[in-house]
Amino acid sequence: MGQKKDLTGSEKSKIVRYLAEGCSSLKIAKLLKRDHRTIKRFIQNSQQGRKKRVEKPRRKITAHELRKVKRAAAKMPLATSLAIFQSCNITGVPKSTRCAILRDMAKVRKAERRPPLNKTHKLKGQDWAKKYLKTDFSKVLWTDEMRVSLDGPDGWARGWIGKGQRAPVRLRRQQGGGGVLVWAGIIKDELVGPFRVEDGVKLNSQSYCQFLEDTFFKQWYRKKSASFKKNMIFMQDNAPSHASKYSTAWLARKGIKEEKLMTWPPCSPDLNPIENLWSIIKCEIYKEGKQYTSLNSVWEAVVAAARNVDGEQIKTLTESMDGRLLSVLAKKGGYIGR
């Protein structure tokens, strides 16, 4: 029996089992046909356990260096802790210490996603705000589409987990799960819809108009009084299927034309209050990292969440338009956020 340096995983398991049965190291060596010294060394190492980690003294920074870090963090948004400290010529500070220092003065955040606004966009935004500044927004129907998936936006499944608890298991799809396209509108304190676009239908000018005919016009608009239809202003964004000549002419035949069809500035989702409604619905249907197994189930969740949005919430959104227009003018057509 030659001495071997390493034991296999199976042999280690057997040694532990034999020890539990009261076998001596010499007997175990005979049973496994291994050198006695190898068995004894394994048993001794197992009994010693892991050595405690020796904490190295951390690099301390002065009050002056701390002020430099604070200024650098303000000047370098989204920079790494290493880049911030290097810009201050502070070296020798481990990552854990850098992050601990920065947590007292900053937060880890993602960059905000905004549509690109050039000079022409900003001028059109200002012109739009001036045009509708005296509009009665309680008569404006704000519309838009939203796509919902089975799993929700990336990062929404994160959250705090209590000590001793395990994170819930999430489904992992190799081919994705598709999504549901939803259309809705809000006016004053009323929600119109939501209506589901048929699966597999791509909204071009023709399919968009047919969709409005089958849902919005037949199920909601035709029930309204003549005075309501006379005063209502229809808002839609500048998506190709919305702003095409075909769609504009089709809406005109329905009586929605000229001043009854709101012009919309380019790249301005922050001005449409229904975007806030979509946020409310998504927060509800994806809360606690919820996932769905079918398109029908996620659609049912959207309908249920929409029913829970009361008239006061919708009214708050539609009444925010005066403030949004003033913000556009104050920022000279710039992005105002939501």
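Residues numbered from 1 in each chain as written. Predicted model: local features only at pLDDT ≥ 70, side-chain atom pairs only at ≥ 80, totals over all residues. Heavy atoms only, no water.

Under an unreviewed UniProt entry, the name given to the protein is Tc1-like transposase DDE domain-containing protein, and the organism recorded is Oreochromis niloticus.

Draft legend 1. Representation of helix H7 (residues 119–131). Here H7 spans 18 Å end to end across 13 residues, near enough to the 18 Å set by a 1.5 Å rise per residue. The set of residues buried in H7 consists of His121, Gly125, Gln126, Trp128 and Ala129. Burial along H7 is one-sided: seen end-on, the buried residues are contained in an arc of 160°. The outward face of H7, more than 90 degrees from its buried face, is lined by the exposed residues Lys119 and Lys130. Close packing links the buried residues of H7 with helix H15 (321–330). A distance of 3.1 Å separates the backbone nitrogen of Thr120 from a side-chain oxygen at the start of H7, and that oxygen is part of Asn118. (Helix = DSSP H or I, 4+ residues; strand = E, 2+ residues; numbered from the N terminus. Expected span 1.5 Å × (residues − 1). Buried < 20%, exposed > 50% of the residue type's maximum accessible area, 1.4 Å probe, protein only. Arc of directions from axis to C-beta. Contact = heavy atoms within 4.5 Å. Polar contact = N/O pair within 3.5 Å; in protein donor to acceptor, adjacent residues only side chain to side chain.)

Draft legend 2. The packing of helix H8 (residues 205–219) against helix H11 (residues 245–253), seen in detail. Packing of H8 against H11 leaves a shortest axis separation of 8 Å and a crossing angle of 30°. In terms of orientation, H8 and H11 fall into the roughly parallel class. Crossing handedness for the pair H8 and H11: right-handed. Packed against H8, whose contacting residues are Ser205, Gln206, Tyr208, Cys209, Leu212, Glu213 and Phe217, the element H11 presents Tyr246, Ser247, Trp250 and Leu251 at the interface. In terms of residue class, the contact of H8 with H11 is built from 7 nonpolar, 3 polar and 1 charged. (Axes fitted to C-alpha atoms, helices over the stretch in contact; angles between N-to-C directions. Parallel < 35°, antiparallel > 145°, perpendicular 65-115°, else oblique. Left-handed = near helix turned anticlockwise from the far one by under 90°. Nonpolar A, V, L, I, M, F, W, Y, C, P; charged D, E, K, R; others polar.)

Draft legend 3. Focus on the nonpolar core. If you look at the biggest cluster of nonpolar residues, it comprises 40 residues, and the most contacted ones within it are Trp128, Trp142, Val148, Met262, Ile281 and Ile285. Taken together, the elements giving at least two residues each to this core come down to H7, strand E1 (140–149), strand E2 (179–187), strand E4 (233–235), helix H12 (274–285), helix H13 (295–307), helix H14 (311–318) and H15. Sorting elements by how many residues they give to this core places H13 first, with 7 residues. Not counting the four nearest positions on each side in its chain, Ile285 is found in contact with Val148, Lys290, Tyr292, Ala301, Val302 and Ala305. Counting 22 residues, the second largest nonpolar core, distinct from the first, contains Ile187, Tyr208, Phe234 and Ile256. (Core = buried A, V, L, I, M, F, W, Y, C linked by side-chain atoms within 4.5 Å.)

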